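Geometric and topological summary
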Amino acid sequence: QKPLFHLPEVDTVGTDEHGVIRATIQGGSAYLKIADGCRRPCAFCSIPLIKGTAVSRPLDVIAHEALQLQVMGIKELILIAQDTTDYGSDLGMKEGLAELLDAITASAPWIPWIRVLYAYPGYVSDRLIDTMVAHKQILPYLDIPLQHAHPGTLLRMGRPANMDWVRSTIAKMRAAMPDLALRTTFIVGYPGETDSEFQTLLDFVSEMRFDRIGVFPFSFEPGTTSEALGDPIPSAIKQERLDQLLSLQEKISLEKNQAFIGKELDILVEGFNNGLTVGRSFRDAPEIDGLVIAEGKASIGDLVKMRITGALTHDLTGILKE
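Here's what I pulled together on the structure shown here. Only a predicted model underlies this, so the values are computations on that prediction, with no experimental measurement involved. (Residues numbered from 1 in each chain as written. Predicted model: local features only at pLDDT ≥ 70, side-chain atom pairs only at ≥ 80, totals over all residues. Heavy atoms only, no water.)

**Section: the side chain of R283**
The topology assignment puts R283 in the loop between strand 11 (276–280) and strand 12 (292–295). Residue class for R283 comes out buried when judged on its relative accessible area of 2%. Only 3.2 Å separates the side chain of R283 from the side chain of D211, close enough to count as a polar contact. If sequence neighbours within four positions are ignored, R283 has contacts with R115, Y141, A181, D211, R212, K256, N257, F260, D289 and L316. (Helix = DSSP H or I, 4+ residues; strand = E, 2+ residues; numbered from the N terminus. Buried < 20%, exposed > 50% of the residue type's maximum accessible area, 1.4 Å probe, protein only. Polar contact = N/O pair within 3.5 Å; in protein donor to acceptor, adjacent residues only side chain to side chain. Contact = heavy atoms within 4.5 Å.)

Written as structure tokens, this is what we have:
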């Protein structure tokens, strides 16, 4: 019986796409893969076991794909990788992501929104911040999955544990980009997480006032370096901590949203129904953040202006500008 497919024994499998764009298009947005795999030592993560080490795609290929997406009418280009800030390290580039952003903005100057996801703590450089400020296309939005705030927990996770760096870098970014929207992700119930360590996380979230956070209970993954730690924290405690952290963030998110009442925002339209247009602002990545719901009709994929008239915990409401 003949095999249904054959994978040749060459190094380029998975990196040589023969002209096929590594993008997923959804409405007016496109997710563009800039690298695959990961070389970070996170103890809880199995991605390096599954995908291998980080492999960056060629800069000129990505820039050309951005141009092709511009021709297709894409309004939002979302750069993704397991770790976008590690882009180019395997190619000998020291400031790879910043150089890539420079190349993309030059190649596709008419894509109005460029969004960066999944930045790794410790690798948001001054050059990257300057690049984000220099190009109006690059949204003042960054997703930095911090995972925790207590140094002891972070060390057990195999994560960067220098919280002074986190505080100083976020302060630097907010000074450079006053409208900056920050999203992060935390894990609760990691093996060994004490009540005191969890309280440190609560205090940190209160202090930093992120725009959005995602919270996940620790999930045991066989084969990872955290396997030896087991999964000792009961599910009920994990859920209690998750609920407590989300409850705290909901108050912060509502206050952040209320500050936009009376202001105008550009929204990227994703749908229309029963007299209401639904879209997202620069603060909202697809599927994981909030929505903007407006009175009036606009076409999917359009960028339109709206005046904010109301705020919910996660979403904004308003009226489309004529």
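**With respect to helix 2 (residues 59–71)**
In this model helix 2 runs 19 Å from its N-terminal to its C-terminal C-alpha over 13 residues, within 8% of the 18 Å that 1.5 Å per residue would give. Of all the residues in helix 2, the buried ones are I62, A63, E65, A66, L69 and Q70. Down the axis of helix 2, the sector holding all buried residues measures 160 degrees, keeping them to one side. Pointing more than 90 degrees away from the buried face of helix 2 are the exposed residues D60 and V71. Each element contacted by the buried residues of helix 2 is listed here: strand 1 (23–26), strand 2 (29–33), strand 5 (76–80) and helix 3 (96–107). Positive backbone phi, at 90 degrees, marks G73, one or two positions downstream of helix 2. (Expected span 1.5 Å × (residues − 1). Arc of directions from axis to C-beta.)

**Concerning the packing of aromatic side chains**
According to the stated counting rule, one finds six aromatic pairs in the structure shown. Centre to centre, the rings of F204 and F210 are 5.8 Å apart; their planes meet at 55 degrees, and the pair counts as tilted. Members of the aromatic cluster, connected to one another through ring pairs, are F44, Y190 and F218. Lying across the ring of Y120, R40 places its NZ or CZ 4.3 Å from the centre. In this arrangement the basic side chain of R40 is found over the ring face of Y123, its NZ or CZ atom lying 4.1 Å from the centre. (Phe/Tyr/Trp six-rings, centres within 6.5 Å; stacked < 30°, edge-to-face > 60°. Lys NZ or Arg CZ within 6 Å of the ring centre and 35° of its normal.)

**Re empty space enclosed by the protein**
Under the definition given, this model contains two cavities of 30 Å³ or more. One number sums up the size of the largest cavity: a volume of about 50 Å³. For the lining of the largest cavity, the class distribution of residues is four nonpolar, three polar and two charged. Within this model, the second largest cavity holds a volume of roughly 30 Å³. (1 Å grid on protein atoms, 1.4 Å probe; cavity = no way out; pocket = protein on both sides within 12 Å on 5 of 7 lines; lining within 4 Å. Points joined across faces, edges and corners; volume = space filled by probe spheres on them. Nonpolar A, V, L, I, M, F, W, Y, C, P; charged D, E, K, R; others polar.)

**Focus: the pairing of strand 5**
Burial of strand 5 is extensive: five of the five residues sit out of reach of the surface. As judged from the five bridges shared by strand 2 and strand 5, these two strands associate in the parallel manner. Bridge pairing in strand 5 links L32 to L79. With four bridges joining them, strand 5 and strand 6 (residues 113–116) adopt parallel strand pairing. Within strand 6, the residue paired with L79 across the bridge is V116. In this region the chain leaves strand 5, passes through helix 3 and returns to the parallel neighbour strand 6; the handedness of that crossover is right-handed. (Pairing = 2+ DSSP bridges. Right-handed = clockwise from strand over helix to strand, strands pointing away.)

**Observations regarding helix 4 (residues 126–134)**
Those residues of helix 4 that sit buried are L128, I129, T131 and M132. The buried residues of helix 4 all sit within an arc of 160 degrees when viewed along its axis, so they share a single face. Exposed side of helix 4, more than 90 degrees from the buried face: D130 and A134 are the residues found there. The secondary structure elements touched by the buried residues of helix 4 are helix 3, strand 7 (138–143) and helix 6 (163–176).

**Regarding the packing of helix 7 (residues 195–208) against helix 8 (residues 235–258)**
Where helix 7 contacts helix 8, the two axes come as close as 10 Å, and the packing angle between them is 15 degrees. Between helix 7 and helix 8, the angle is such that the two are roughly parallel. In the crossing of helix 7 with helix 8, the sense of the turn from one axis to the other is right-handed. Judged by residue contacts, D195, F198, L201, L202, V205 and S206 of helix 7 engage R241, Q244, L245, L248, Q249 and I252 from helix 8. Of the residues contributing to the contact of helix 7 with helix 8, the split by class is seven nonpolar, three polar and two charged. (Axes fitted to C-alpha atoms, helices over the stretch in contact; angles between N-to-C directions. Parallel < 35°, antiparallel > 145°, perpendicular 65-115°, else oblique. Left-handed = near helix turned anticlockwise from the far one by under 90°.)

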